[in-house]
Amino acid sequence: MDHHIAVRRFPDKNCYDILLTLMTNLLDAMTAKKPPLFTGEPLTKDAARQSLLLLSRVLKSSYGPAGRLKQLHNGVGGCVCTTSQSSALLRRLSVSSPVLRVLTASVQNHGSRFSDCGLFTAILCCGLIESFRSLNVAPCAVAEISRHLLGLCMDYLKSEACGCRVSVDFRSVETLACLVRSVLTSKPACMLNKAEVEHLTTLVLRAFLFTVPCHVETNAVLGKCVIVPVKGRRVMDSAVLPGLLIETPEIQLGKPLAVKRTGSGTIKIAVFCVSMSGDGFSPEEGTIAVHHGVSLEMSELNQLLHVGKQLVNDEVGLVVCQKVIHPSLKQFLKEKHVMAVDRAGLSVMEPLSRMTGSKPMASIHLLSPGCYGSLKDVSFERVASKHFVHLIPEDTVICSLVLCNRSETAWHELKSSTLSSSTFKDLGCSPTQYRLVADGFCRSLESVARSLNRDGGEVLTDVVYGHCWFVPSGFSSVSNWSHVVSKCGCGINGNTGDLSWRILEGRSGSPVIQGCPKEPSVKVTDLLTLDCFAAKCSGLQVALETANLILDLSYVIEEQN
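Residues numbered from 1 in each chain as written. Predicted model: local features only at pLDDT ≥ 70, side-chain atom pairs only at ≥ 80, totals over all residues. Heavy atoms only, no water.

1. Thoughts on a nonpolar patch on the surface
Logical step 1: A cluster of nonpolar side chains, contributed by V173, L209, V212 and L222, occupies part of the molecular surface with about 300 Å² of accessible area.
Logical step 2: On the secondary structure map, L209 appears in helix α8 (residues 194-210). (Patch = residues over 30% accessible without salt bridge, like charges linked within 9 Å, V, L, I, M, F, W, Y side chains within 5 Å. Areas by Shrake-Rupley, 256 points an atom, 1.4 Å probe, with all protein chains shown as cover. Salt bridge = Lys/Arg side-chain N within 4 Å of Asp/Glu carboxyl O. Helix = DSSP H or I, 4+ residues; strand = E, 2+ residues; numbered from the N terminus.)

2. As for the nonpolar core
Logical step 1: L103, L128, I129, F132 and L540 are the most contacted members of the largest nonpolar core, which has 49 residues in total.
Logical step 2: Elements that contribute at least two residues to this core include exactly α2 (46-60), α3 (86-92), α4 (98-114), α5 (118-133), α6 (139-157), α14 (431-450) and α15 (533-551).
Logical step 3: For this core, the element with the highest residue contribution is α5, accounting for ten residues. (Core = buried A, V, L, I, M, F, W, Y, C linked by side-chain atoms within 4.5 Å. Buried < 20%, exposed > 50% of the residue type's maximum accessible area, 1.4 Å probe, protein only.)

3. As for the packing of aromatic side chains
Logical step 1: With the rule as written, the count across this model stands at zero aromatic pairs.
Logical step 2: Sitting above the plane of the F120 ring, K536 keeps its charged end 4.3 Å from the centroid. (Phe/Tyr/Trp six-rings, centres within 6.5 Å; stacked < 30°, edge-to-face > 60°. Lys NZ or Arg CZ within 6 Å of the ring centre and 35° of its normal.)

4. Describing the sheet that holds strand β14 (residues 386-392)
Logical step 1: Taken together, three strands build an open sheet; the order of strands is β7-β14-β13 and the sheet is antiparallel. Sheet topology places β7 (244-247) and β13 (377-383) at the edges, where each strand pairs with a single neighbour. The average undirected angle you get between the axes of adjacent strands in this sheet is 30°.
Logical step 2: Where β7 meets β14, four bridges bridge the pair, whose relative direction is antiparallel. Looking across to β14, one finds that E247 is bridged to F388. (Pairing = 2+ DSSP bridges. Axes fitted to C-alpha atoms, helices over the stretch in contact; angles between N-to-C directions.)

5. Some points on the sheet that holds strand β16 (residues 459-462)
Logical step 1: Judged by pairing direction, the sheet is antiparallel, and its three strands sit side by side in the order β17-β16-β18 without closing on themselves. Unpaired on one side and paired on the other, β17 (468-470) and β18 (501-503) mark the two borders of the sheet. Taken pair by pair, the neighbouring strands of this sheet meet at an average axis angle of 35°, ignoring direction.
Logical step 2: As paired elements, β16 and β18 share three bridges and run antiparallel to each other. Counted as the bridge partner of T461 is R502 from β18.

6. Focus: the pairing of β13
Logical step 1: By the bridge criterion, seven bridges tie β13 to β14 in an arrangement that is antiparallel. Looking at β14, one finds that D377 is bridged to I392.
Logical step 2: Between β13 and β14, which pair antiparallel and follow one another directly, the connecting turn spans two residues, one of which, A384, has a positive phi of 60°.

Next comes the structure, spelled out in structure tokens:
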């Protein structure tokens, strides 16, 4: 007769939960609760307005290719962050105002989607709030008019007549290289010299081209570039490799690599997203019935070895586990010329599955041959003091960018671096209200452009192309601006003929006559300053919608307990 023993983890867990709940309720009853804090019309408070102006000044001084660095350090210690990026600034700034919390959360959400134009979005949002707040126009009317203006802007930006866009010819990488250089050179905390900028620009372009599918399908999707961090090394040691790099500290480079292959010469791969360490039973699973004298650990190990035998019989040559593989199973697989890589981590599961065609298995009790994938080859790579297994696919849409920099601060900065009367009737406003909101809208946009100049000189705009031109300091009263400017701020247009400049001071001026020339008047190889068009358009929309949301706030209710 078999004897069974019932093993229960945390047998009195329910009792503990009940006791904990009772103690918590008792403590809550003993503590006097504070009522919620109600704040009406938060934008009329001086503290909120001053905080908004201060945030705007901090962000403006960080904006553009000549943006100034900021050092952030909290009052209780910790590391110092040196940056000019919106993602790092907004994440580390201590914001207490509810208005600013709404603004920063909105900008951070935009940044998480596009990784660009965060400062533009935040500065424009602050400017719109300040411009619209002082108008004697109802917030609902401001919202309707500003959305109409936004629609006009978006229609123009997406039209063929738009002078803000630069077409990209994929037969030549020069324009793409200008975009990458613009991003890298606008982050001074990366501490890159010219040679390093050019090296990283080449690597980023190669990584991008690796992600473009070779065989175009109906719904073609770009691949993925996985960044491999290496700190404390020269930037020139950075490299890009097709496929995936998985760090394996225990690999010894001197030993020959023998991996089991199929009859066609490929390597069959099995991917597991479950622990294979032999501790598969969790305390939350409750009661487990086992035979008397049977060890749970041995039972689990036997199951792992059974899995190993099945993998060998299925001609699997590489096993990758997101978590830990039991040493006995690793030794068994090694003897059968099957490579085992564990602790791969969650971040590589999706690109690994996509690259190999494998499906991560979430159980060691049920293996399906349909979940296996394939690889072209496997090799070992060493970068600085780190050892990696290099998984090389048949068709490359996944690549690894080994990103090196001298210090941790510079590396993080570099990683974060790698857009009529019938109308008045439809909007429900008067012509005067429309003009007031439109002027505020234009002033906010021009304020962002003026914040690009760091030398204290004038900022000009021309009525031919509508581009910005920066005048060096000391030339404030010049009759002929063509003598002191050579090319526009983005570098596309040169000083050719009379462009009818005017000083950018927030006043409405003459409309733009024509778009940018099809052929730039300066050499394409010159350093152009470009932004991602999609990110800029999104930033414009997010800034306006967030400003309208904040302007419409009537009450803020804060829980104080």
